[in-house]
Amino acid sequence: ELEDIIADLMEVSGGESHGTRHSNLPLPSLGRSTPSSQSMSEAASAYGMPWDATIGRTEETNPLLYMPFWEWQLDFMKSSLTNLHPIECSTLNDLDVSY
């Protein structure tokens, strides 16, 4: 059912050719992509994580309010999930949307 919803969304956004859905063709599941060759640490640092500075102006003593939560969440997932790994995430037009 989820894959049908994704397929319908792809039709609306122009992901399917000619706006039609071919029921005999398997749909790619974006949630089941091949694991990336990068480690979790490499994937995080590829997008500048963890942040150590803010890009905005602020008077806050600690402007990186999100980082403690992000670090906690990542540590929790690493300790709780046995198959945690980064995946390649791109659109049908090969646009990287992994961040």
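Keep in mind that this is a model prediction, so the values were computed, not measured.

### Some thoughts on the environment of K78
- Of note, K78 is situated in helix α3 (residues 67-80).
- The class of K78 is partly exposed, set by a relative accessible area of 39%.
- Taking the C-alpha atoms as reference points, K78 and M40, 38 residues apart in sequence, are found 9.0 Å from one another.
- Apart from the residues within four sequence positions on either side, K78 is in contact with M40, S41 and L84.

### Some words on the packing of aromatic side chains
- One pass over the structure, following the stated rule, counts four aromatic pairs.
- On the numbers, 5.4 Å between centres and 15° between planes, the contact of W72 with F76 is stacked. Highlighted residues: W72 and F76, both in helix α3, separated by four residues, approximately one helical turn.

### Examining α3
- In this model α3 runs 20 Å from its N-terminal to its C-terminal C-alpha over 14 residues, within 8% of the 20 Å that 1.5 Å per residue would give.
- Buried residues of α3: M67, W70 and L74, and no others. Projected down its long axis, α3 carries its buried residues within an arc of 60°, all on one side. Looking at α3, the residues exposed on the side facing more than 90 degrees away from the buried face are W72 and S79.
- Where α3 is buried, its residues meet α2 (40-46).

Cut-offs applied
Residues numbered from 1 in each chain as written. Predicted model: local features only at pLDDT ≥ 70, side-chain atom pairs only at ≥ 80, totals over all residues. Heavy atoms only, no water. Helix = DSSP H or I, 4+ residues; strand = E, 2+ residues; numbered from the N terminus. Buried < 20%, exposed > 50% of the residue type's maximum accessible area, 1.4 Å probe, protein only. Contact = heavy atoms within 4.5 Å. Phe/Tyr/Trp six-rings, centres within 6.5 Å; stacked < 30°, edge-to-face > 60°. Expected span 1.5 Å × (residues − 1). Arc of directions from axis to C-beta.

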